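Observations on the model geometry
Chain by chain, the residues:
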Amino acid sequence: MASISMRHLKKVYPGNVEVVPDLNLEIKDKEFVILVGPSGCGKSTTLRMIAGLEEISGGEMYIGDKLVNDVPPKDRDIAMVFQNYALYPHMTVYKNMAFGLTLRKVDKDIIDQKVHEAARILDIEHLLDRKPKALSGGQRQRVALGRAMVRDPAVFLLDEPLSNLDAKLRTQMRTEITKLHKKLDTTFVYVTHDQTEAMTMGDRIVVMKDGIIQQADTPQNLYDSPCNMFVAGFIGSPQMNFIDAQIARKAGGYCVEFGGYSIPIPGGKGGDDVFEQWVGKPVVLGVRPEDIHAEDVFVQASSESLVEIQVDLAELMGAEIYLYGACAGHSVTVRTPARARIQSGDTVKLAIDINKMHIFDQETEKTICN
């Protein structure tokens, strides 16, 4: 069993700097969990506490059913892949991959078998005689993964392993690591600040801010049902639009009002029990860029949810256009198919998909409805 259990985990640095105040997280055996958040949110510190590279200030850490608070890293049955690869420059790829097993005095034939098997899976068999300086960034990353694989650990820990690669290689390596997880069938804990990596790779994403878990859920649930504005803004690219508004009653239901617009709230998002207490109070309307539509079929069918947007900049991304502009004094981003033919300087009427709206409490930033 390679489940991980963190119970009231705490990390305080000298000077009473509290990085992780009280973290509770259960990671299941064979699960691929991504820790994501902005720089300084405590995700790498949490990973290093799992690895035993950071001392735990309080709480309990279990790997399987074993308490590991005071267990040294070498006895935790984990393998870590670092951002900077951490390869030995004077050793060949083969010796780099074999190093951990050699230290443990594993039989040479077993080492040879494990190194070649890992190299075959990672497609680096032809590089075994080279030294790291003769490898590209992507090849070095594969060697670092291979070195972790040969140890056959119960848990893989990966700390921003793709951040030093170019965009194309990052996309390729994302796929490789996901396939590797399925092949090895073991527990992966992966740290990144890149929410695209998080959305495409993880079984579950843990969104952190200031050492506190904001929400831990599947990628789809985080995207569809964020628990607060921080999660809503962090997950999704480009990020969600936030518009200051207020709730009003309208024709037997409720609507959200801003800048002269009155957008009806579908009944499925809640009734009197949800919205009555918010009538006349300040809220924040959240709409993802992909849920504001320029296509005629949406615009013609959505007379009640039309808004006028002055486009400052239209970025052609190939199949899509990103529009940056203003709506009732609020900055907005729209993601629309390129066939819409909208250009910088245009003023256009676009339709908000009311079924995809999110509404947040302006004061606490917590979600009122998704």
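**Regarding the nonpolar core**
Judged by nonpolar contacts, the single largest core of 44 residues is most densely connected at Met97, Leu145, Leu158, Ile177, Tyr190 and Val207. Among the elements that take part in this core, helix α4 (residues 137–149) stands out by supplying 5 residues, more than any other. Counting 32 residues, the second largest nonpolar core, distinct from the first, contains Val256, Val334, Ala338 and Leu350.

**Observations concerning the packing of aromatic side chains**
The geometry of an aromatic ring pair is captured by the separation of the ring centres together with the interplanar angle, meaning the angle of the planes. Under the counting rule described, the total for this entry stands at 8 aromatic pairs. Seen in terms of ring centroids, Tyr254 and Phe275 are 5.7 Å apart; in terms of plane orientation they differ by 40°. Their pairing is tilted. Within this pair, whereas Tyr254 is found in strand β12 (residues 253–258), its partner Phe275 is found in helix α9 (residues 272–275), the two being separated by 21 residues in sequence. Here Tyr254 and Phe275 have matching classes, each one buried.

**Some words on the state of the cysteines**
Simply put, disulfide is the name for a covalent bond between the sulfur atoms of two cysteines. The final tally for this structure, using the stated rule, is 0 disulfides. Residue Cys41 stays outside any disulfide, its sulfur separated by 14 Å from that of Cys227, the closest cysteine. Lacking any disulfide linkage, Cys227 is separated from the closest cysteine sulfur, that of Cys369, by 14 Å. For Cys227, a relative accessible area of 30% translates into the label partly exposed.

**Topic: the side chain of Ser3**
Inspection of the secondary structure puts Ser3 in the segment before β1 (4–13). Residue classification places Ser3 among the buried residues on the basis of a relative accessible area of 16%. Ignoring sequence-local partners within four residues, the contact set of Ser3 consists of Ile27, Lys28, Asp29, Tyr62, Ile63 and Gly64.

**Quick word on the pattern of salt bridges**
Per the stated rule, a full pass over the model turns up 9 salt bridges. The salt bridge partner of Glu31 is Arg204, with a shortest N-O separation of 2.7 Å. Here Arg204 lies in strand β9 (residues 204–209) and Glu31 lies in the loop between β2 (17–27) and β3 (32–36), a separation of 173 residues in the sequence. In this structure, Glu308 engages Lys349 in a salt bridge whose closest nitrogen and oxygen atoms are separated by 3.5 Å. Within this pair, whereas Glu308 is found in strand β16 (residues 306–316), its partner Lys349 is found in strand β19 (residues 347–352), the two being separated by 41 residues in sequence. One network of salt bridges, in which partners are shared, links Lys11, Arg48 and Glu54.

**Section: the sheet that holds strand β14 (residues 282–287)**
Judged by pairing direction, the sheet is antiparallel, and its 6 strands sit side by side in the order β13-β12-β11-β14-β20-β21 without closing on themselves. Strand pairing shows two members of the sheet lacking a second neighbour, β13 (261–265) and β21 (367–369), which therefore form its edges. Strand-to-strand twist across the sheet, computed as the mean angle between neighbouring axes with direction ignored, equals 40°. Pairing between β14 and strand β20 (residues 358–361): 4 bridges, direction antiparallel. Bridge pairing links Gly286 to His358 in β20.

**Details of helix α5 (residues 167–184)**
In this model, α5 (18 residues) spans 26 Å end to end at C-alpha, consistent with the 26 Å of a helix rising 1.5 Å per residue. Those residues of α5 not exposed but buried are Met173, Arg174, Ile177, Thr178, Leu180 and His181. Burial along α5 is one-sided: seen end-on, the buried residues are contained in an arc of 155°. Set apart from the buried face of α5 by more than 90 degrees, the exposed residues are Lys168, Lys182 and Lys183. Taken together, the buried residues of α5 touch β3, α3 (108–121), α4, β7 (155–159), β8 (187–192) and α6 (195–201). With a side-chain oxygen lying 3.2 Å from the backbone nitrogen of Lys168, the N-terminal cap of α5 falls on Asp166.

**Focus on α3**
A rise of 1.5 Å per residue sets the reference length of α3, with its 14 residues, at 20 Å; its end C-alpha atoms lie 20 Å apart and thus fit the reference within 8%. Residues Ile111, Val115, Ala118 and Ala119 constitute the buried set of α3. With its buried residues spanning 100° around the axis, α3 presents them on a single face. Residues of α3 that are exposed and angled more than 90 degrees away from the buried face: Asp109, Gln113 and Arg120.

Basis of the calculations
Residues numbered from 1 in each chain as written. Predicted model: local features only at pLDDT ≥ 70, side-chain atom pairs only at ≥ 80, totals over all residues. Heavy atoms only, no water. Core = buried A, V, L, I, M, F, W, Y, C linked by side-chain atoms within 4.5 Å. Buried < 20%, exposed > 50% of the residue type's maximum accessible area, 1.4 Å probe, protein only. Helix = DSSP H or I, 4+ residues; strand = E, 2+ residues; numbered from the N terminus. Phe/Tyr/Trp six-rings, centres within 6.5 Å; stacked < 30°, edge-to-face > 60°. Disulfide = S-S within 2.5 Å. Contact = heavy atoms within 4.5 Å. Salt bridge = Lys/Arg side-chain N within 4 Å of Asp/Glu carboxyl O. Pairing = 2+ DSSP bridges. Axes fitted to C-alpha atoms, helices over the stretch in contact; angles between N-to-C directions. Expected span 1.5 Å × (residues − 1). Arc of directions from axis to C-beta. Polar contact = N/O pair within 3.5 Å; in protein donor to acceptor, adjacent residues only side chain to side chain.

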